[in-house]
Amino acid sequence: MTTLINPTLLKPQLQSPSTAPAYTIHLFRGGPISIAEYMEEVLTNPKAGFYINRDVFGAEGDFITSPEVSQMFGEMIGVWAMCLWEQMGQPNRVNLVELGPGRGTLMMDLLRGASKFKNFTESLHLHLVECSPTLQKLQHQNLKCVDEDHMADNVGKRTISTLAGTPVSWHSALEQVPSGLPTIIIAHEFYDALPVHQFQRVSHGWCEKMVDLEEDSSTFRFVLSPQPTPAILYLMKRCKWAATEEIAKLDQIEVCPKAMELTQTIAKRISSDGGGALIIDYGLNKVVSDSLQAIRKHKFVHILDNPGSADLSAYVDFASIRRSAEEVSGEVSVHGPMTQSQFLGSLGINFRVEALLQNCTEEQAESLRTGYWRLVGEGEAPFWEGPEEEVPIGMGTRYMAMSIVNKKQGTPVPFQ
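Residues numbered from 1 in each chain as written. Predicted model: local features only at pLDDT ≥ 70, side-chain atom pairs only at ≥ 80, totals over all residues. Heavy atoms only, no water.

Defined as follows: UniProt positions are given in the numbering used here, feature names are shortened, and annotations may be inferred rather than shown by experiment.
If you look the chain up in an unreviewed UniProt entry, it shows as Protein arginine methyltransferase NDUFAF7 from Ziziphus jujuba. On record in UniProt, under Subcellular location (unreviewed entry), the comment for the chain is "Mitochondrion".

If you want it as structure tokens, here you go:
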């Protein structure tokens with residue numbers, strides 16, 4: 001038996017859920033499922049998952065990420081990676097890993113921007129962690145990859161990005177990336193799509209919020225679990241990491257076990273192989289309460305509406321990432337978070353935009369100014385003179401950057 005949530009305790013919903021698609025019905029044969037299970041199904045179902053069979057990025061997609069806003073974002077990430085490589089002692093072989101590369105735009109701009117620094121680019125083997133066949137093809141195309149035969153070396157086929165002559169491999173999970181080499185990991189807007197569990201405070205403690213079918217099996221609804229669920233262990237761990245007064249103020253809490261586990265995998269890899277990771281996402285440096293949202297065609301929609309047609313994401317709990325990394329290894333140090341604006345500014349994006357503005361058309365200049373504002377600004381752009389509905393919104397303070405590095409390398413740029 002399940003307990004219906006009091007509707008007044010839920011966030012205002014934007015529209016009523018539509019009919020439950022047939023491919024999701026089997027999920028409920030054992031009763032309600034967690035929000036995390038629901039997220040995982042609607043985002044990565046092999047047949048109908050949101051990320052699997054379509055290009056969801058850019059103006060024609062469902063949302064725009066920083067690399068799609070301006071080439072300068074990928075270039076600045078390249079500056080960060082090169083600085084870390086130098087701190088690592090300029091090793092001649094390095095695994096450069098990106099988690100969830102989207103269209104490959106960030107890595108395309110990184111490799112193009114770094115192509116003059118031959119010692120750096122020639123050391124790289126690029127590893128893209130991507131589960132979508134559609135996006136893998138786009139990444140292959142945008143990185144200008146060619147497939148070469150290397151039978152003489154017993155390697156078989158090898159894929160090379162002609163942007164910088166860099167070998168490229170694809171994997172469905174970080175664990176599949178070969179170990180044993182110094183590793184630089186980029187996780188940009190990856191953590192926010194990891195499935196979260198939501199808990200609600202009730203008279204006798206905390207209950208997990210679940211998703212269930214309505215009695216006519218046509219639509220979804222939220223319910224509360226009447227007994228403890230396995231995810232309660234992660235809630236207990238998260239509460240232990242937080243101050244008592246912080247938890248006392250909250251009626252709802254989100255926890256992301258997969259983020260904790262991924263962070264520990266990253267920390268172990270960096271501890272054993274050397275290197276570092278950069279995590280950039282929107283989030284908070286404290287316990288996250290109720291942030292799960294759905295976006296379709298650049299507009300917010302009901303979380304349960306037409307599953308598989310909208311992107312689901314939640315705020316990243318940066319404080320939890322820090323504790324997860326520190327808990328698993330004494331060989332790594334965690335730095336940040338700092339705002340994206342501070343991060344990009346310290347890496348020199350101001351000088352980069354000025355240099356680009358010296359040699360461009362007026363149309364290109366407007367695109368550069370708009371892109372720059374979106375990356376480092378806050379709120380609506382004050383210089384905008386175009387249609388009100390198209391005004392650039394700054395992501396500079398909503399997005400945060402955090403780095404996990406092997407202690408041997410010291411403090412990474414620009415966290416000193």
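### Overview of helix α11 (residues 340-347)
Put simply, the test is: Each residue gets one of three labels from its accessible area relative to the maximum for its type: buried under 20%, exposed over 50%, partly exposed in between, using a 1.4 Å probe on protein chains only. By definition, any uninterrupted DSSP run of H or I lasting at least four residues is a helix, any uninterrupted run of E lasting at least two residues is a strand, and each is numbered from the N terminus. Directions from the helix axis toward the C-beta atoms define the arc.
Along α11, the residues classified as buried are Gln340, Phe343, Leu344 and Leu347. Buried residues along α11 cover an arc of 85° about the axis, so they all sit on one side. Count one or two residues on from α11 and you reach glycine 348, which has phi positive near 105°.

### Regarding the packing of aromatic side chains
As a reminder, the rule being used: In summary, the pairing rule links any two rings of Phe, Tyr or Trp, Trp by its six-membered ring, whose centres are within 6.5 Å, and it sorts them by plane angle into stacked for under 30 degrees, edge-to-face for over 60 and tilted for everything else. Working rule: Lys NZ or Arg CZ, within 6 Å of ring centre, within 35 degrees of ring normal, means a charge sits over the ring.
Tallied over the full model, the rule gives 5 aromatic pairs. Measuring from centroid to centroid gives 5.8 Å for tyrosine 38 and phenylalanine 220, while their planes differ by 75°, and the two rings are edge-to-face. Of the two residues, tyrosine 38 is situated in helix α1 (residues 35-44) and phenylalanine 220 in strand β11 (residues 220-224); the sequence distance between them amounts to 182 residues. Classification of phenylalanine 220 by relative accessible area gives buried; the value is 3%. Both rings, one in tryptophan 85 and one in phenylalanine 120, keep their centres 5.4 Å apart while their planes meet at 65°; by these two values the pair is edge-to-face. A residue pair is termed long-range when its members are at least 10 positions apart, and tryptophan 85 in helix α3 (residues 71-87) and phenylalanine 120 in helix α5 (residues 118-121) qualify at 35 residues. A single burial state applies to tryptophan 85 and to phenylalanine 120, both of which are buried. Among the aromatic residues, those joined into a cluster by ring pairs are Tyr282, Tyr315 and Tyr399. Above the ring of phenylalanine 222, the side-chain terminus of lysine 209 is found at 5.2 Å from the ring centroid.

### Overview of the sheet that holds strand β14 (residues 293-296)
Here is the rule we go by: Strand pairing requires that DSSP identify at least two bridges connecting the strands. Lines fitted to C-alpha atoms define the axes here, with helix axes fitted over just the stretch in contact, and angles between the N-to-C directions of these axes take values from 0 to 180 degrees.
Spatially, the 3 strands line up as an open sheet ordered β15-β14-β16, and their pairing is antiparallel. Two strands close off the open sheet at either side, each with one partner strand: β15 (299-301) and β16 (311-313). Averaged over all pairs of adjacent strands, the angle between their axes in this sheet comes to 40°, without regard to strand direction. Bridging between β14 and β16 involves 3 bridges; their strand directions are antiparallel. When the bridges of β16 are listed, alanine 294 appears paired with leucine 312.

### Overview of the environment of proline 101
What counts is decided by this rule: Throughout, a contact is declared for two residues whenever any of their heavy atoms are within 4.5 Å.
Note that proline 101 resides in the loop between β3 (94-99) and α4 (105-114). Taking the C-alpha atoms as reference points, proline 101 and leucine 128, separated by 27 residues in sequence, lie 6.6 Å from one another. Not counting the four nearest positions on each side in its chain, proline 101 is found in contact with Leu128, Val129, Glu130 and Gln139.

### As for unusual backbone geometry
The step from glycine 336 to proline 337 runs through a cis peptide bond, and the omega angle for that step is 10°. Take proline 337: it is sitting in strand β18 (residues 332-339). Cis geometry marks the peptide bond from valine 413 to proline 414; its omega dihedral reads -5°. Structurally, the position occupied by proline 414 is in the segment after β21 (399-406). Located in the positive-phi region is glutamine 90, a residue other than glycine, with phi close to 55°. Here glutamine 90 shows up in the loop between α3 and β3. The phi dihedral of glutamate 189 is positive, around 50°, even though this residue is not glycine. Position of glutamate 189 relative to the elements: it lies in the loop between β8 (183-188) and β9 (197-202).

### Focus on the nonpolar core
In globular proteins that are soluble, nonpolar side chains generally tend to be buried together. Filter applied, for reference: The criterion is simple. A nonpolar core is a set of buried Ala, Val, Leu, Ile, Met, Phe, Trp, Tyr and Cys residues joined through side-chain atoms within 4.5 Å. Domain borders in the structure are assigned automatically or taken from a domain database.
Core analysis: the largest hydrophobic core is formed by 48 residues, its most contacted members being Tyr38, Leu99, Tyr191 and Ile266. Viewed by domain, this core spans two of them, domain 1 (32-39 + 196-254) and domain 2 (66-194 + 257-409), each represented by three or more residues. Core analysis: the next-biggest nonpolar cluster, separate from the first, contains 46 residues, Met72, Ala81, Leu344 and Leu347 among them.

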